[in-house]
Amino acid sequence: MRMPKLSGFVTTSMTTAIIMAMTVPAYAKTFIANDIIFDGIERVTIDSLQQSIPIRVGQTVTDETLADSIRALYATEHFADVQADVNGDRVVFHVTERPVIAELNFVGNKLIPKAGLEEGLKNTGLSVGNVLKQSTVTIIENELKNQYILQGYYNIDIQVKQTKLDGNRVKLDIEFIEGKAARVVDINIIGNQYFSDDDIKDKLAIKDRVLNPLSKANRYSQEKLNASLESLRALYLNEGFVRFAVDSSNLSIDEEKNKVFVEIALTEGQRYSFGKIQFMGDITYGIDELNELVTFKEGDGYSQSKLEAVTASISEKFGDDGYYYAQIRPVTRIDDETRKVNIDYYIDPVRPVYVRRINFGGNVKTKDEVLRREMRQLEGALASNKKIYLSRIRLMRTGFFKDVRVQVVPVPNSPDQVDVNYTVEEQPSGSSTIAAGYSRSGGLTFQFELSQSNFMGTGNRVNASFSRSETRDVYSLGLVDPYFTQNGVSQSFNAYYRKTKYDAKNINGYILNAYGAALRYGYPIDENQRLSAGINVDNTEVQGGAGMAVSNVRQLLKDGGKVNFYKNNTVFSHNYVTYGATLGWSYSSIDKPVFPTKGMSHDVDLTLGFGKRGYQKAVYTGNIYVPFWKKSIIRGYTRLGYGNNLPFYENFYAGGYGSVRGYNPSTLGPRSQSYALAKDNKRSGLGENVGGNVLTTFGAELILPMPFKGDWSDQIRPVVFFEGGQVFDTTGADKESVDLNALTGTQGAPTKYPLLEQDKELRYSMGVGATWYTPIGPLSLSYAKPINSKPTDQTEKFQFQIGSVF
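Everything numeric in this text was worked out from a predicted model, so none of it was measured.

Asker: Honestly, the nonpolar core in this entry has me stumped. Any pointers?
Answerer: Side chains that are nonpolar tend, in soluble globular proteins, to be buried together. Core analysis: the largest hydrophobic core is formed by 22 residues, its most contacted members being Tyr510, Val542, Met548, Leu556, Phe572, Phe648 and Tyr649. Of all elements in the fold, only strand S23 (510-524), helix H12 (550-558), strand S26 (569-588) and helix H13 (675-679) reach the threshold of two or more residues within this core. The leading source of residues in this core is H12, at four residues. Those residues in contact with Val542, other than ones at most four positions away along the chain, are Tyr510, Ile511, Leu512, Met548, Leu556, Phe572, Ser573, His574, Tyr576, Phe648 and Tyr649.

Asker: Please explain helix H11 (residues 385-397) as it appears in this structure.
Answerer: Between the first and last C-alpha of H11 there are 19 Å, a value that for 13 residues agrees with the 18 Å anticipated at 1.5 Å per step. Of all the residues in H11, the buried ones are Ile388, Leu390, Ser391, Ile393, Arg394, Leu395 and Met396. In the core, the buried residues of H11 are packed alongside helix H10 (368-372), strand S16 (401-411) and strand S17 (414-426). Count one or two residues on from H11 and you reach Gly399, which has phi positive near 80°.

Asker: Which parts of the structure should I look at to understand the sheet that holds strand S15 (residues 354-361)?
Answerer: The three strands are arranged S15-S17-S16 in an open sheet whose pairing can be described as mixed. Each having just a single partner strand, S15 and S16 make up the two edges of the open sheet. Between one strand axis and the next, the sheet turns through 20° on average, direction left out of account. In terms of strand pairing, S16 meets S17 through ten bridges, oriented antiparallel. Its bridge partner lying in S17, Pro410 is registered against Val418. Contacting S16 and S17, H11 runs over the sheet at an angle of about 155° to S16.

Asker: Help me out: how do you make sense of the pattern of salt bridges in this one?
Answerer: Where charged atoms from two side chains of opposite charge approach closely, those side chains can pair. Tallied over the entire structure, the rule returns 32 salt bridges. Between Glu650 and Lys617 there is a salt bridge; the shortest N-O distance is 3.1 Å. Within this pair, whereas Glu650 is found in the loop between strand S29 (633-644) and strand S30 (671-672), its partner Lys617 is found in strand S28 (residues 615-627), the two being separated by 33 residues in sequence. Given a relative accessible area of 22%, Glu650 falls into the partly exposed group. Given a relative accessible area of 16%, Lys617 falls into the buried group. One continuous salt-bridge network, built from bridges that share partners, spans Asp759, Glu761, Arg763, Lys790 and Asp793.

Asker: What is the right way to look at a negative patch on the surface in this model?
Answerer: The grouping of Asp197, Asp198, Asp199 and Asp202 at the surface amounts to a negative patch. Topologically, Asp202 is positioned in helix H6 (residues 197-203). In this structure Asp202 comes out as exposed when scored by relative accessible area, which is 56%.

Asker: Any chance you could explain the environment of Ile190 here in plain terms?
Answerer: Residue position: Ile190 is located in strand S9 (residues 183-190). Between the alpha carbons of Ile190 and Leu266 there is a distance of 6.2 Å; along the sequence they are 76 residues apart. If near-sequence neighbours (up to four positions away) are discounted, Ile190 is found in contact with Glu263, Ile264, Ala265 and Leu266.

Asker: Sorry, what's going on with helix H7 (residues 222-237) here?
Answerer: Think of an α-helix as 3.6 residues a turn; residues three or four steps apart then line up on the same face. For H7, built from 16 residues, the straight-helix expectation of 22 Å at 1.5 Å per residue is met to within 8% by its first-to-last C-alpha distance of 23 Å. Taken residue by residue, H7 has Leu225, Ser228, Leu229, Leu232, Leu235 and Tyr236 as its buried positions. For H7, the buried positions fall inside an angular range of 120° around the axis, keeping them on one side. Among the structural elements, H6, strand S10 (245-253) and strand S11 (259-267) are those in contact with the buried residues of H7.

Asker: Where do I start with the sheet that holds strand S4 (residues 79-87) in this structure?
Answerer: In a beta sheet, neighbouring strands are held together by backbone hydrogen bonds and run either parallel or antiparallel to one another. One open sheet accounts for three strands, arranged S2-S5-S4; its pairing is mixed. At either margin of the open sheet sits one strand with a lone partner, and together these are strand S2 (35-39) and S4. Strand after strand, the sheet turns through a mean of 20° between neighbouring axes, direction not considered. Pairing analysis gives five bridges linking S2 to strand S5 (residues 90-97), with the strands arranged parallel. Counted as the bridge partner of Asp39 is His94 from S5. Against the sheet, helix H3 (residues 63-75) engages S2, S4 and S5, with an angle of about 155° to S4.

Asker: Help me understand the environment of Thr458 in this model?
Answerer: Inspection of the secondary structure puts Thr458 in the loop between strand S19 (443-452) and strand S20 (461-469). Sequence separation between Thr458 and Lys367 is 91 residues; the distance between their C-alpha atoms is 6.3 Å.

Asker: What should I look at first to understand unusual backbone geometry in this one?
Answerer: Keep in mind that most residues, glycine aside, have a negative phi and that most peptide bonds are trans. For Val350, which is not glycine, the phi dihedral falls at a positive 70°. Turning to its location among the elements, Val350 is positioned in the loop between strand S14 (340-348) and S15. Residue Val350 is classed as partly exposed on the basis of its relative accessible area, which comes to 33%. Phi is positive for Ser666, which is not a glycine, with a value near 60°. For Ser666, the position within the fold is in the loop between S29 and S30. For Ser666, a relative accessible area of 26% gives the class partly exposed.

About the criteria used
- Residues numbered from 1 in each chain as written.
- Predicted model: local features only at pLDDT ≥ 70, side-chain atom pairs only at ≥ 80, totals over all residues.
- Heavy atoms only, no water.
- Core = buried A, V, L, I, M, F, W, Y, C linked by side-chain atoms within 4.5 Å.
- Buried < 20%, exposed > 50% of the residue type's maximum accessible area, 1.4 Å probe, protein only.
- Helix = DSSP H or I, 4+ residues; strand = E, 2+ residues; numbered from the N terminus.
- Contact = heavy atoms within 4.5 Å.
- Expected span 1.5 Å × (residues − 1).
- Pairing = 2+ DSSP bridges.
- Axes fitted to C-alpha atoms, helices over the stretch in contact; angles between N-to-C directions.
- Salt bridge = Lys/Arg side-chain N within 4 Å of Asp/Glu carboxyl O.
- Patch = residues over 30% accessible without salt bridge, like charges linked within 9 Å, V, L, I, M, F, W, Y side chains within 5 Å.
- Areas by Shrake-Rupley, 256 points an atom, 1.4 Å probe, with all protein chains shown as cover.
- Lys, Arg positive; Asp, Glu negative; His and termini not counted.
- Charge placed at Lys NZ, Arg CZ, Asp CG, Glu CD.
- Arc of directions from axis to C-beta.

Structure below.
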């Protein structure tokens, strides 16, 4: 809060002159002072006062030195009144001490917080421990009222109550009666022809009508009015009205002081276009090279925003090549006859600037070398805006830091050198979890996990986990070294054991026991692209019962699987051993890994399986984030997959989080009747979900900003979404039938049973959701309404999951 300075040369001089005339008697003679007495002091020490005045015992006293002494005593600001009396050779100063502020209280202040009031008043000398000057109290009352009036509180009343305490102390109680902020009820625009009233009002920061009664958009404040006038100027300047002017902006307030009427009178003038463009000064580059940065040409309608954008581009070009302090100054020459604006760019590169040192701060856990390897700006090299900013982006992409700030500091006495200081704010990059919970798709879950994406500050990722649920048991160990080599080649290793009990949730009627390991390397192509390649080995044991789908039974037996009959039980089993190679390409320009706000990412993964059943599988995942209106973000996303000769347990599935919310997890796509029902030539209304070899999912989200402030608001992301998708089988299995007796080698008449059924129509849903990034991981909730579901679809409007960030 800005407070006035309580000193003025004219006021002080006039006040002092009057005081001198009233308090200094006229003496025609001089004398030697043998004693100096101070009468009326209570807390101020005599020694401090004797040091303040020019008169000393044994020195000659004149009218001038006496007046100077009184002036010096007033200057200490300890006294409300000072008078001098001369008795022979004795000088007596009669003083009245100002009281000391012993207590300072605020009552009724809501608009200005207590801390802001204390800081502002402290700058004026009105704080506990300081002496109280009555003139300060009056000025403070008026200044505080002005501060409230600027915010539209015209009914404000401020009173400073003083209570005397013993020891010449005083208690101050500053009472605020704020009232209510005045609201703008009408904005009248005068002189506009090119833009309508509604077009202009839409650009103003201040509004005269709101639909939401809780909105503050129509609350008046001087700051909002000033911002509105600047927006109005920008609106006209961007349409070429270079002679535009705001003639007046007047306010009218009703008697109750709670309604404000705003009248803005303007002169539009005529529209102008761009004229000739010239580059002057030490341009360094060729004219053609600079002209490539100019996005407008002679004859185009003039726009201030286009001019500023070109200026920024030129400045960035110089800054990227080491001219960090280059001065780019566009000078407009307006030709009223031709209605053109000629642009002269005056360029001064100043000097090349080099980076002396790159310093890091705030990294308590993360080692300096982890930060330094992300630097694209190097010490001793020319300072580059682009490289300095890119280095910050790379630090954010590590996911280790909540925020990264960069400051370029000139080196004293070295005009051609700067230091670059990166200050990071670390965030938790690891977790230790022992949890029990419940999920819609997995039922009851027990989980133990140790995960650290910045292991011991080295930047390496380590995770070990063990989890058990009604559908799945998982043991895994993973290690990732993102800088296996100095040039950024990464190495990752993963080993796992999985036991999937699909029969517990009646999804596919079989269980999987799998174990394997994978080794993968990644190579950076450039700042945003990487290639990866790896090898893996996998051993998957499949066991199914009579509830196993017919299509899966046929594939398992064709692959060499076995069928055994135990009394009334049927058991299918087979062991798949696969050796594979993986290839991948990824591109990412997103600004941060958690809750991105802009950029895009593309990932393509190709798996080649070798063994008794060789297969090929390709998956593409894409995301794009585009800043939208008022800090909202539009996100588009898709996941596409294709497989050839896939083992049935490698099929694609859709439904639920990550594909089409509103439908049960993994329930969209082809279905096949269970072996038990098919054996008896019976049909179920649903059949078993068996997945397919083609996946198509896509969607769009409107990511909404949180209406509240604080760190926690950055950890919650509400969305409105629309998405769709489906899984298909393109092998022709839906046109085939199977003789189950011949397939399993059992006796019975030949029967033909449909192998597969599928609905090739895409499914859609829309709804709302939110993701909360908690200390134990991201928690995602959604409420989705299926748009074109069919009676055979399994839907679920409310869904949640832990562990994925959307």
